[in-house]
Amino acid sequence: MNERKLWYVADPMCSWCWGFSPVIEAIRREYGSRFEVELLLGGLRPGTQHPMPSAQREQILHHWRAVQQQTAQPFRFEGAMPEGFVYDTEPASRAVIAVSLINREAIFSFFKIVQSAFYVEQQDVTNSIVLSQLAARVGIDAQQFGQAFESDIAKRLTLEHFQKASQWGVHGFPTVIGQSGADYRLLNTGYCSLDELRPKLDGWLLDQLDTPRPSS
């Protein structure tokens, strides 16, 4: 039987991914015995160098309010993304990679911690010191995290994640892709509820069962 994986393409600083957080958690709980869920860092705004203009900040906060209204996920708006904030999503993504290099089992927990730190706690998750402090919440020593975060392999793997998402044609987050062997199927792009996604997941799984197998 072909190995099945569900690829969750997301960015820790993507507001709709924060809205989707309870959905992907529920999928991992309900379907974990039927397929493996893999996280692919999509790269929302990697390499941004200039501070965010006030008009862009207001536009992003508008999106945050829409996410909160539709998903009921918590946000703190006042004081978010203060003047001079550079919305570079590469460090947060690389921090997730660094944690996975140290403890692969902590990747989803840490991803959610970074999301919550950014959207609820108003922490600057583009800052390596802040990210190191967040890694401590999943039991990772600051020095160990720092070495992994600054390593060439973490930088390379982060870029490979971004490139893979681009090669798959993913330009919006969250995106969910089913993989069975060499077969990939786009199941959903953008936010949706578990009730909306479940029929797509079940249909994909049924199609795997119905696929004719070569006779021995």
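Just so it is clear, the structure is predicted and the values come from calculations on it, not from any experiment. (Residues numbered from 1 in each chain as written. Predicted model: local features only at pLDDT ≥ 70, side-chain atom pairs only at ≥ 80, totals over all residues. Heavy atoms only, no water.)

Trainee: For this particular structure, what's the right way to read the state of the cysteines?
Mentor: A covalent bond between the sulfur atoms of two cysteines is referred to as a disulfide. One pass over the structure, following the stated rule, counts zero disulfides. Summary of cysteine pairing: Cys192 is not part of a disulfide, and the nearest cysteine sulfur, belonging to Cys17, is at 12 Å. (Disulfide = S-S within 2.5 Å.)

Trainee: Could you clarify how one ought to interpret the packing of aromatic side chains in this entry?
Mentor: Given two aromatic rings, one states the distance between the centres and the angle between the planes to describe the pair. All told, the structure shown has 20 aromatic pairs when counted by the stated rule. Judged by centre distance (5.8 Å) and plane angle (5°), the ring pair of Phe75 and Phe77 falls under stacked. Ring geometry for Phe110 and Phe145: centres 6.5 Å apart, planes at 55°, overall tilted. Pair noted here: Phe110 is in helix H4 (residues 107-119) and Phe145 is in helix H6 (residues 142-150), with a separation of 35 residues, a long-range link. (Phe/Tyr/Trp six-rings, centres within 6.5 Å; stacked < 30°, edge-to-face > 60°. Helix = DSSP H or I, 4+ residues; strand = E, 2+ residues; numbered from the N terminus.)

Trainee: Would you mind showing me how to read the pattern of salt bridges here?
Mentor: A pair can form between side chains of opposite charge whenever their charged atoms are brought close. Applying the stated criterion across every chain, the model contains eleven salt bridges. Across the pair Glu38 and Lys5 runs a salt bridge, and its minimum N-O distance is 3.8 Å. On the criterion of sequence distance, the pair formed by Glu38 in strand E2 (residues 36-41) and Lys5 in strand E1 (residues 4-10) is long-range, its members being 33 residues apart. Each member of the pair, Glu38 as well as Lys5, carries the same accessibility label: buried. Here Glu36 ties to Arg104 by a salt bridge, and the two come within 3.4 Å at their closest N and O atoms. In this pair, Glu36 is assigned in strand E2 and Arg104 in the loop between helix H3 (90-102) and H4, connecting sequence segments 68 residues apart. The class of Glu36 is partly exposed, set by a relative accessible area of 34%. (Salt bridge = Lys/Arg side-chain N within 4 Å of Asp/Glu carboxyl O. Buried < 20%, exposed > 50% of the residue type's maximum accessible area, 1.4 Å probe, protein only.)

Trainee: Would you explain the sheet that holds E1 in this entry?
Mentor: Strand pairing in a sheet relies on backbone hydrogen bonds. The paired strands run either parallel or antiparallel. Pairing is mixed across the open sheet formed by four strands, whose spatial order is E2-E1-E3-E4. Where the open sheet ends on each side, the last strands, each with one partner, are E2 and strand E4 (183-189). Across the sheet, the axes of successive neighbouring strands diverge by a mean angle of 25°, strand direction being ignored. Where E1 and strand E3 (residues 175-180) come together, six bridges link them in antiparallel fashion. The residue of E3 that forms the bridge with Tyr8 is Val176. Contacts from H4 reach E1 and E2 within the one sheet, and its direction differs from that of E2 by about 45°. (Pairing = 2+ DSSP bridges. Axes fitted to C-alpha atoms, helices over the stretch in contact; angles between N-to-C directions. Contact = heavy atoms within 4.5 Å.)

Trainee: Looking at this model, I keep getting lost on the side chain of Thr175. Mind explaining?
Mentor: Here Thr175 lies in strand E3. A polar atom in the side chain of Thr175 sits 2.6 Å from the backbone oxygen of Gly172. Each residue touching Thr175, except ones within four places of it in the same chain, is listed here: Trp7, Tyr8, Val9, Val170, Leu186, Asn188 and Thr189. (Polar contact = N/O pair within 3.5 Å; in protein donor to acceptor, adjacent residues only side chain to side chain.)

Trainee: Whenever I open this one, the nonpolar core confuses me. Can you help?
Mentor: The tendency in soluble globular proteins is for nonpolar side chains to be buried side by side. By size, the foremost hydrophobic cluster in this structure holds 71 residues, and its most contacted members are Ile27 and Trp64. Take this core: its biggest share by element is nine residues, from H4. Once residues lying within four places of it in the same chain are set aside, the contact partners of Ile27 are Leu6, Gly32, Phe35, Val37, Leu194, Leu197 and Leu201. (Core = buried A, V, L, I, M, F, W, Y, C linked by side-chain atoms within 4.5 Å.)

Trainee: Explain the environment of Thr89 here, please?
Mentor: Following the sequence through the fold, Thr89 ends up in the loop between helix H2 (54-71) and H3. When its relative accessible area of 0% is taken as the criterion, Thr89 is described as buried. In this structure the C-alpha to C-alpha distance between Thr89 and Met13, which are 76 residues apart in sequence, comes to 6.3 Å. With residues near it in sequence (within four places) discarded, Thr89 still touches Asp11, Met13, Gly43, Leu44, Arg45 and Pro46. There is a polar contact of 3.3 Å between the side chain of Thr89 and the side chain of Asp11. Engagement of the side chain of Thr89 in a polar contact is seen with the backbone nitrogen of Arg45, the distance being 2.9 Å.

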